[in-house]
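Secondary and tertiary structure notes
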Amino acid sequence: MTENSEKIDRLNDLTTFISTKTGVKGLVDAEITEVPSMFHVPSSILSNNRPSDISGLNLTVPIIDLGDRNTSSRNLVVSKIKDAAENWGFFQVINHGVPLTVLEEIKESVRRFHEQDPEVKNQYLPTDNNKKFVYNNDFDLYHSSPMNWRDSFTCYIAPDPPNPEEIPVACRSAVIEYTKHVMEFGAVLFQLLSEALGLDSETLKRIDCLKGLFMLCHYYPPCPQPDLTLGISKHTDNSFLTLLLQDQIGGLQVLHEDYWVDVPPIPGALVVNIGDFMQLITNDKFLSVEHRVRPNKDRPRISVACFFSSSLSPNSTVYGPIKDLLSDENPAKYKDITIPEYTAGFLASIFDEKSYLTNYMI
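Residues numbered from 1 in each chain as written. Predicted model: local features only at pLDDT ≥ 70, side-chain atom pairs only at ≥ 80, totals over all residues. Heavy atoms only, no water.

To keep it simple, the criterion reads: UniProt positions are given in the numbering used here, feature names are shortened, and annotations may be inferred rather than shown by experiment.
As annotated in an unreviewed UniProt entry, the protein carries the name Non-hem dioxygenase N-terminal domain and comes from Arabidopsis suecica. UniProt lists a comment for the protein under the heading Cofactor (unreviewed entry), and it reads "Fe cation".

**Here we look at the overall build of the protein**
Under the convention used in this document: Each helix is a run of DSSP H or I of at least 4 residues and each strand a run of E of at least 2, with the numbering of both proceeding from the N terminus. Whether two residues are in contact is decided by their heavy atoms, any of which lying within 4.5 Å being enough. For accessible areas, the Shrake-Rupley method is used with a probe of radius 1.4 Å. Any residue's cover is judged against the shown protein chains and nothing else.
The helix and strand inventory of the protein stands at 11 helices and 14 strands. Considering only residue pairs separated by 6 or more positions, the protein has 79% of its internal contacts joining residues 24 or more positions apart. Accessible surface for the protein amounts to roughly 16300 Å². Of this, 50% is attributable to carbon and sulfur atoms.

**Observations concerning the nonpolar core**
Rules: Remark: nonpolar core denotes a set of buried residues (Ala, Val, Leu, Ile, Met, Phe, Trp, Tyr, Cys) joined through side-chain atoms within 4.5 Å. For every residue, the accessible area (1.4 Å probe, protein chains only) is compared with the maximum for its type, and the residue is labelled buried under 20%, exposed over 50%, or partly exposed between those bounds.
One finds Tyr178 and Met215 to be the most contacted residues of the largest nonpolar core, which totals 74 residues. Counting residues per element, this core draws most heavily on helix H8 (residues 172–196), at 11 residues. Within the second largest apolar cluster, 19 residues are counted, among which are Val61, Tyr220, Tyr259 and Val289.

**Let's talk about the sheet that holds strand E9 (residues 259–262)**
Using the following cut-off: If DSSP finds at least two bridges between two strands, the strands pair. Between the N-to-C directions of two axes lies an angle of 0 to 180 degrees, each axis being a line fitted to C-alpha atoms and, for a helix, fitted only over the stretch in contact.
One open sheet holds the 4 strands; their spatial order is E6-E11-E8-E9, and the pairing between them is antiparallel. The open sheet has two edge strands with one neighbour each: strand E6 (232–235) and E9. Neighbour-to-neighbour, the strand axes of the sheet open up by a mean angle of 25 degrees, direction not taken into account. The sheet contact formed by strand E8 (residues 252–256) and E9 spans 4 bridges and is antiparallel. Bridged to Leu255 within E9 is Trp260.

**Points about unusual backbone geometry**
Here the amide bond leading from Ala158 into Pro159 is cis, since omega sits at 10 degrees, within 30 degrees of zero. Within the secondary structure layout, Pro159 lies in the loop between strand E4 (151–158) and H8. In this structure, Asn283 is a non-glycine residue whose phi angle is positive, near 55 degrees. Tracing the chain through its elements places Asn283 in the loop between helix H10 (276–281) and strand E11 (291–293). Phi at Asp284 takes a positive value of approximately 75 degrees, unusual for a residue other than glycine. Its location among the elements puts Asp284 in the loop between H10 and E11.

**A short note on helix H11 (residues 339–348)**
Within the sequence span of H11, burial applies to Ile339, Pro340, Tyr342, Thr343, Gly345 and Phe346. Each element contacted by the buried residues of H11 is listed here: H10, strand E13 (318–319) and strand E14 (337–338).

**Considerations on the sheet that holds strand E3 (residues 133–136)**
An order of E1-E2-E10-E7-E12-E5-E4-E3 is seen for the 8 strands of this open sheet, with the pairing classed as mixed. Each of the sheet's edge strands pairs with one partner strand only, and the pair in question is strand E1 (63–65) and E3. Each strand axis lies, on average, 25 degrees off the axis of its neighbour in the sheet, ignoring direction. When strand E7 (residues 241–246) meets strand E10 (residues 270–274), the two strands line up antiparallel, connected through 4 bridges. Looking at E10, one finds that Leu241 is bridged to Ile274. Sheet contacts for helix H5 (residues 100–114): E3, E4, strand E5 (213–220), E7, E10 and strand E12 (301–308); angle to E5, the most-contacted strand, approximately 60 degrees.

**Topic: the packing of H5 against H8**
To keep things clear, this is the line we draw: Roughly parallel covers angles under 35 degrees, roughly antiparallel covers those over 145, roughly perpendicular covers 65 to 115, and oblique covers all other angles. Definitions for this section: a left-handed crossing has its near helix turned counterclockwise from the far helix by less than a right angle. A right-handed crossing has that turn clockwise. Polar here means any residue outside two lists: the nonpolar Ala, Val, Leu, Ile, Met, Phe, Trp, Tyr, Cys and Pro, and the charged Asp, Glu, Lys and Arg; Gly therefore counts as polar.
Their axes nearest at 9 Å, the elements H5 and H8 cross at an angle of 135 degrees. Between H5 and H8, the interaxial angle falls into the category oblique. Relative to H8, the crossing made by H5 is left-handed. The segment H5 lies against H8, with Val102, Leu103, Glu105, Ile106 and Ser109 engaging Ala174, Val175, Glu177, Tyr178 and His181. For the contact of H5 with H8, the residue count by class is 6 nonpolar, 2 polar and 2 charged.

**Quick look at the pattern of salt bridges**
Quick note on the threshold: A pair is scored as a salt bridge if a Lys or Arg side-chain nitrogen falls within 4 Å of a carboxyl oxygen belonging to Asp or Glu.
In this structure the tally under the stated criterion is 14 salt bridges. For Glu86, the salt bridge goes to Lys82, with nearest N and O atoms at 3.1 Å. Placement of the pair is Glu86 and Lys82 together in helix H4 (residues 74–87), with a separation of 4 residues, close to one helical turn. Assessed through its relative accessible area of 30%, Lys82 is described here as partly exposed. One salt bridge in this structure joins Asp200 and Arg206, with 3.3 Å as the shortest N-O distance. We classify Asp200 as partly exposed; its relative accessible area is 44%. When salt bridges that share partners are traced, they join Lys82, Glu86 and Lys285 into one network.

Have a look at this one:
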């Protein structure tokens, strides 16, 4: 096939995809047996790049039990978080205090929304910039080439929460209840991370790391050829911190020491990852690392990601490396930013080969 004919095929696929307005789930519902070319990812990118002998490597994402955080074992918990944030940028937490019933209901509500008729979901397509709840089945048309194998919705929670009626009935009560717990647990995490930096426990809260929150809820339909595409291409997060709830299907991978490492689902656990803003304000002490999602052939995967970030909302606060972490031996490595400025550039280059954060290095 010539390069020109490949472009024509891709254009035809895109035109058909846009016109149906049914997203990736619509392709699966139409019982396709081959992944359209616009989703194809080069095999070199899909490779896990794992060595045959991993005996000398620690390729297990840290798991931290937070049940002891209010006891004499708190220092041990803080030490484990410090190690994970510095060396992995990713860790899983158990005994975090968010009720299992709340976790199960938000996952089920995300499934409920995405498995509704297209006509219902399409009421929430991004027709204007003021919507607090937005359904996206073609985000990657404008932000990624090739496209990713997923449909998503976004809900902006803080600092300006939506009216309940702005959230679809299918997930309204679950979104409100879950994000309430996320904000409460987020305050705990920022305390522990502050202490892990050797700072006062309220430091990160005082500089408004908790000020903004939005959630991004993905539905990854079963893929007939999962070895040809990605659920989400590799990227870092434009947040201070991201809290991820995943179901039991699996597919999330984190890049660690140049290898793609699986983040295995643990019942009741939450995945925590450091975002770009946290790497910047900690002056590279905590790492925002690349991650991606592999699709699967058997059944849909659900994930609920909550980002501590005010995103594009008006926010004039200027962020730079925290002064108490700097010294003559450790000078500032980054320029100052505002969250909206950074986010706009990040979204324009979200799936580029290099981290957007590098643009702000001094």
